[in-house]
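Structural overview for review
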Amino acid sequence: MVLSSGDVHSVPTVVTKPARPEVRNSASLSSLLSISIWFGIVAGFGEGFGLLLFQRINWRQWARVMHVSKEILWISPLVDLCFFLLIGLLVAAIASLFRRMPAVRVLASLLAFLTAYDWLMLTGHFYRTAALLFALGVAVAFSRWFQKHEASALSVWRKSALWLTAALALTIIAIQGGKAISESRAVSNLPRAMPGSPNVLVIVVDTLRADHLSSYGYSRQTTPNIDNLAHRGVLFENAIAPSSWSLPSHASLVTGEPVHSHGMGNVEPMPWLGWSKSGLNGLPTMGEALQKQGYRTGAFSANRIYFTSNVGLGRGLIHFEDYFDGVGDSFVRTQFGREFARLYMNRSPKSKFTRAFRALGLGSWLDKDSEGSGDYGGIYGIRKRADEVNRETLRWVARERSHPFLAFLNYLDVHFAYGGPAGYPKPAWDQGTTIDEYDAGLKYTDDYIGRLLRGLEGLGVLKNTIVIVTSDHGEALGDHGLSFHGAALYWDLVHVPLIISWPGHMPQGVRIEQPVTNADIAHTVLALTGAAEDPFPGPTLATLWGQSAPKSWPNPVSELPQTNTIVAADRAMQGKIPLATDGWMISVVSPQWQVIRHEKYGDQIYGWKMDPGESLNLINTPAGRSADSALASDLSH
Ligand SMILES: [Zn+2]
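What this report covers is the structure whose coordinates are included nearby. Predicted model, so just to flag it, every value in this text is computed and none were measured.

About the cut-offs
Residues numbered from 1 in each chain as written. Predicted model: local features only at pLDDT ≥ 70, side-chain atom pairs only at ≥ 80, totals over all residues. Heavy atoms only, no water. Helix = DSSP H or I, 4+ residues; strand = E, 2+ residues; numbered from the N terminus. Buried < 20%, exposed > 50% of the residue type's maximum accessible area, 1.4 Å probe, protein only. Contact = heavy atoms within 4.5 Å. Areas by Shrake-Rupley, 256 points an atom, 1.4 Å probe, with all protein chains shown as cover. Lys, Arg positive; Asp, Glu negative; His and termini not counted. Charge placed at Lys NZ, Arg CZ, Asp CG, Glu CD. Phe/Tyr/Trp six-rings, centres within 6.5 Å; stacked < 30°, edge-to-face > 60°. Lys NZ or Arg CZ within 6 Å of the ring centre and 35° of its normal. Donors = N, O, S within 2.8 Å, 3.2 Å for Na, K, Ca; no water. Pairing = 2+ DSSP bridges. Axes fitted to C-alpha atoms, helices over the stretch in contact; angles between N-to-C directions. 1 Å grid on protein atoms, 1.4 Å probe; cavity = no way out; pocket = protein on both sides within 12 Å on 5 of 7 lines; lining within 4 Å. Points joined across faces, edges and corners; volume = space filled by probe spheres on them. Nonpolar A, V, L, I, M, F, W, Y, C, P; charged D, E, K, R; others polar.

What about the overall build of the chain?
A tally of helices and strands in the chain yields 18 helices and 17 strands. Burial analysis of the chain (637 residues in total) assigns 56% to the buried set. Within the chain, contacts between residues separated by at least 24 positions form 70% of all contacts whose residues are at least 6 apart in sequence. Total accessible area on the chain is roughly 27900 Å²; 61% of this is exposed by carbon and sulfur atoms. Here the chain holds 55 positive side-chain charges and 53 negative ones, and the gap between their average locations is 11 Å.

Take a look at the structure:
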């Protein structure tokens, strides 16, 4: 039956509803907040442990996920707590509009759903839809249970919310305080350094091929600050990287040894109890050797896939800053932060979301990093830029002055995606081509190297600091049909800058032609600091700028164990040129030649001096064949 409006008005009634007894006491704001706190912290603790546990269990997916270290044990609960409190407040606001809504039950079921989804996704073995359906089932079952046990459950949550908050506070204090205490203990246990010992600053500009620096003859003024360092120091014109991708090269830089010696040719699973002395085949590291000389040691890395303490490169470095450099980075490493990144970081620059974020001053949160394999359809991390690496370094340098320091930096801004951060002014020559953008990233990095040096000058420490600039490998940029790195060992992939400057203690403006490996940095640093104990093999580079140049010098070797971590663009060259996807590769550079050997496809030989683009393989010429056999002994490991 439908009542006409006339019917309604024809019987004017004043119905005074009897006052309903207040049955929704439980929907008070404090109940809703207790539920949010309880679920937020419990979900977060489970998430933090789960992220660490499944990162280790799923280690083979390395570089396909966002990485975490123990700080996630408090960051996850804190993020989930804030997120769930926000949901609690929203439910409270909605409940105030719809007073018949069973707010407590709705909130508890919703948070049970989110917790179940969170934990299921941690495993890395559920499809998203499956996890959503399963979590929905959990929420329904929970809701039924809750209907019968509302009063007792609420009382338990109310009582335990405070304890859980205290547990979260204690976790923060234990992890952050524990780190601070162990670092300050390590520093106070250092021996006294020799008076006047210089500081050491090693700057690795990840993915920087030498021929794009103006001091290496490039036509564009990409690197005025690095050039300035070269004028005040020694430039190695033909420095060769130990490998053509980050992990093996960084392992060589910190141990001073070639790849076959330290053995870190690919990512190795972290031992369950963390890396011990046995990592890197037990070799001493530059950090350990300098600590023995009284040095405070620290690393500041923007390469959060391959230069981290998680992969085993932290030995000897008292302080290591890789992940969690800010609120944004901490957020996207949590489970709900990952969901946020998946849903929002790929929006177009003109989308409302993106514009709103920029307006809120959170534009840097949208600076995408391929760490979570966003380039392959996964999620994106937030890029750590040179300005953050500088901030971390200067803050750490300023903290303690009673010991000289070793600061080991990795800037990732030259690495793909090229171009430097949005908002940083583009150089005049940048028309948007791949090479223009690569150079723009370099210009940005060079600018920040200048700023770092001025920062150190401001702290009064630059004068007595040995500054070293180098790279872990080059970049193909289209040469040999390759775009990136890590798939081969051509000249553009192994020829890197190497500049060492310490005015007043080294010659200035010297350029050295002799091909050298930059793995010798470790040994050279120990020699320059006048270390009494020097655990590194081979000659030091210092002999090359000394009074009497040595008659012979070992030819630098680069190694590339077989690998599958190669991006699709480079994999497309498989079968056309010898690639490391099909077998290991090794190269040696003599003053005239580069031989590149492939496990299955044999040797290529190039006269890199005349043909730096290596377009002419001379292996079938008499000169090439005889040079190849003369260099054979360098390739036999
Ligand atoms: Zn690299």
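What follows picks up the thread again.
Thoughts on the packing of aromatic side chains
Inspection of every chain in the model, using the stated rule, returns 35 aromatic pairs. The interplanar angle of 35° and the centroid separation of 5.5 Å between the aromatic rings of W38 and W157 together place this pair among those described as tilted. You can see W38 sitting in helix α2 (residues 29-57) and its partner W157 sitting in helix α5 (residues 128-188), a full 119 residues away along the chain. An angle of 50° between the planes, with centres 5.8 Å apart, marks the rings of F83 and F84 as tilted. Given the relative accessible area of 0%, F84 is considered buried. For the cation-ring pair, R56 lies above W59, with the distance from its terminal atom to the ring centre recorded as 5.8 Å.

With respect to the coordination of the zinc ion
Surrounding the zinc ion are the protein donor atoms D206 (OD), S246 (OG), D472 (OD) and H473 (NE2), at 1.9 to 2.1 Å. Mapping the donors of the zinc ion onto the primary sequence gives the spacing D-x39-S-x225-D-H. Placement of the pair is S246 in helix α7 (residues 246-255) and H473 in the loop between β9 (465-470) and α15 (491-494), with a sequence separation of 227 residues. Like S246, the residue H473 is buried in the burial classification.

Examining the sheet that holds strand β16 (residues 594-598)
Across the sheet, which stays open at both edges, the four strands sit in the order β14-β15-β16-β17 with antiparallel pairing between neighbours. Two strands close off the open sheet at either side, each with one partner strand: β14 (557-560) and β17 (602-606). Ignoring strand direction, the axes of neighbouring strands in this sheet form an average angle of 15°. Alignment of β14 against strand β15 (residues 585-589), held across four bridges, turns out to be antiparallel.

Section: empty space enclosed by the protein
All chains considered together, the criterion is met by one cavity of 30 Å³ or more. Taken as a whole, the largest cavity encloses approximately 40 Å³ of empty space. Lining the largest cavity we find V254, T285, M286, G287, R315, L317, L406 and F408. For the lining of the largest cavity, the secondary structure elements donating two or more residues are α9 (286-292) and β8 (405-411). Considering only residue class, the lining of the largest cavity consists of five nonpolar, two polar and one charged.

Interpretation note: all reported values are geometric properties and have no functional meaning in isolation.
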